[in-house]
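A structural walkthrough
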Amino acid sequence: FVVSAIIFLVFVPFFLLEGKRKSTFLIIASVASLLFLFIITQANSASERIITDFESDLSECQHTGDFLESRKMRWELAWTLVQQSPRIGYGTGSEKSILKDAYFKNKFYSSYLAELNSHNQYLCFLLNTGIIGLLLYLFVICHGIITALKNKDFLLLSFLAIVVFVSVSENILSVTKGVLFYAFFYSILLLNIVNKNIY
C-alpha cells in the first residue's frame, strides 16, 4: 500500500497532469500524505505493525515475542549461500531445501520449522539460477521500465515499480498467485502499448 501510494504521488503529476493542475495535485497530495502519516503514528496497532515490526525485521537480533529470526538475519544467511555458488546457483526449486539445511546448521530453528524461503525475490533467483537468472529477471524488468517511459505509460511503470519494491521483501514468483499476477498484468500492459503503437 505504501509503495503504491508513493508511486501514485510521484508519477501521476508528471504523466497525467499539466500546469496548475500539477501544482494543485502536489499540494493536496502532500497535505494528505502528512495527515496519513500523523494518523498512522498515533494509532498504536498501525504504528506497531508498520514501524516497530519493520525495525525488528531488519535488526540483527531475534524477535522477543515470537522467537522468529529477523528477515535481515535470513537474508545474510542466504547471501552466504549465494557466494558459494554465484554463477549458476543450486538449481531451480532448490531454495527451500538449501535454506532449510542452513537454518538448522545455524540454529535458526523457527525458520527451519516454518520452512521459510528467503523472502527476497532477488536472492531467490541467485539461489536457484545464480547471476544468470537474476540478470534475465532484471533485463525483463528494465525493458518494461524503458518501454513505459518511452510511451509515457503510467500504469505499466506503476506496476513494475510495485514489482521491483515488493521483490525486496517477498518471493512473489515462488507462489502461483504471484506468478499469475505478474504474468497476466505485465502481458496485458505491454500488449496495450503495442496496440497503441499499431493503431
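Scope of this entry: the structure provided in the associated data block. Everything numeric here is computed off the predicted structure, so don't read it as measured data.

With that settled, the discussion passes to the packing of aromatic side chains. In this description, an aromatic ring pair is defined by two values, namely the gap between the centres and the angle between the planes. All told, the structure shown has 13 aromatic pairs when counted by the stated rule. When the centroid spacing of 6.1 Å and the interplanar angle of 45° are considered together, the rings of Phe159 and Tyr186 count as tilted. Within this pair, whereas Phe159 is found in helix H8 (residues 154-169), its partner Tyr186 is found in helix H9 (residues 176-198), the two being separated by 27 residues in sequence. For the pair Phe159 and Tyr186, a shared accessibility class is recorded, and that class is buried. One aromatic cluster in this structure is built from Tyr122, Phe125, Tyr137, Phe159, Phe181, Tyr182, Phe184, Phe185 and Tyr186. Its end group placed over the ring of Tyr112, Lys100 keeps NZ or CZ at 5.0 Å from the ring centre.

Moving on, we get to the side chain of Ser111. Locating Ser111 in the fold gives a position in helix H6 (residues 109-114). Leave out the neighbours within four places in its chain, and Ser111 touches Glu69, Arg74, Tyr103 and Leu116.

Another aspect to go through is H8. In a regular helix each residue adds 1.5 Å, so 16 residues correspond to 22 Å; H8 covers 24 Å between its end C-alpha atoms and thus fits that length. Capping of H8 at its N-terminal end is provided by Asp153; its side-chain oxygen lies 3.2 Å from the backbone amide nitrogen of Leu155.

Turning to the side chain of Glu69, a few remarks are in order. You can see Glu69 is positioned in the loop between helix H3 (44-57) and helix H4 (71-84). Although buried, Glu69 forms no salt bridge, and the nearest oppositely charged side chain, Arg74, lies 5.4 Å from it. Separated by 3.4 Å, the side chain of Glu69 and the backbone nitrogen of Tyr109 make a polar contact.

Basis of the calculations
- All residue numbers refer to position in the chain's written sequence, counted from 1.
- Only residues with pLDDT of at least 70 get local features here, since the model is predicted, and only at 80 or more are side-chain atom pairs given and counted; chain-wide, interface and lining totals rely on the full set of residues.
- Side-chain metrics in this entry use all non-hydrogen atoms of the structure; hydrogen atoms and water are not considered.
- Aromatic rings from Phe, Tyr and Trp, taking only the six-membered ring of Trp, are treated as a pair when their centres fall within 6.5 Å; an angle between ring planes under 30 degrees marks them as stacked, one over 60 as edge-to-face, and anything in between as tilted.
- Here a helix means four or more residues in a row that DSSP labels H or I, a strand means two or more in a row labelled E, and each is numbered from the N terminus.
- Relative accessibility decides the category of a residue: with a 1.4 Å probe and only protein chains considered, values under 20% of the type maximum give buried, values over 50% give exposed, and everything between is partly exposed.
- Criterion for a charge above a ring: Lys NZ or Arg CZ within 6 Å of the ring centre, and within 35 degrees of the ring normal.
- Contacts: residue pairs with any heavy atoms within 4.5 Å of one another.
- Expected span, for any helix, means 1.5 Å times one less than how many residues it has.
- Two N or O atoms form a polar contact when they lie within 3.5 Å of each other; inside protein one atom must be a possible hydrogen donor and the other a possible acceptor, and for residues adjacent in sequence the pair counts only when both atoms belong to side chains.
- A residue counts as positive if it is Lys or Arg and as negative if it is Asp or Glu; His and the chain ends are not included.
- The salt bridge criterion pairs a side-chain nitrogen of Lys or Arg with a carboxyl oxygen of Asp or Glu, the two atoms within 4 Å.

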